[in-house]
Amino acid sequence: MSATESKGRPLPFAVAGVSMRDLLAAGEAAALISTPPRAPEPELAEPVEPLADHREAA
């Protein structure tokens, strides 16, 4: 008989004293901290003008 067989049924894993809400909050906080910031959007070289200025006679 092996050492693992002699111990009987394995006990279910549980974290004592920590609520599921705290575990979820900690995971969400870790995800926010580990996510790099978004890259800044490139600025346009020329300002966008209204369409009325670009109309030409047909």
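Residues numbered from 1 in each chain as written. Predicted model: local features only at pLDDT ≥ 70, side-chain atom pairs only at ≥ 80, totals over all residues. Heavy atoms only, no water.

**Q** Requested: an account of the overall build of the protein, with residues and values cited.
**A** Across its full length, the protein holds 1 helix and 0 strands. Expressed as a percentage of its 58 residues, the buried residues of the protein come to 0%. Looking at the protein as shown, the accessible area adds up to about 6,400 Å², and 61% of this sits on carbon and sulfur atoms. (Helix = DSSP H or I, 4+ residues; strand = E, 2+ residues; numbered from the N terminus. Buried < 20%, exposed > 50% of the residue type's maximum accessible area, 1.4 Å probe, protein only. Areas by Shrake-Rupley, 256 points an atom, 1.4 Å probe, with all protein chains shown as cover.)

**Q** Pulling in residues and values, what's your account of a nonpolar patch on the surface?
**A** There is a patch of nonpolar side chains on the surface, built from Val18, Met20, Leu23 and Leu24 and spanning about 380 Å² of accessible area. Tracing the chain through its elements places Leu24 in helix α1 (residues 20-34). (Patch = residues over 30% accessible without salt bridge, like charges linked within 9 Å, V, L, I, M, F, W, Y side chains within 5 Å. Salt bridge = Lys/Arg side-chain N within 4 Å of Asp/Glu carboxyl O.)

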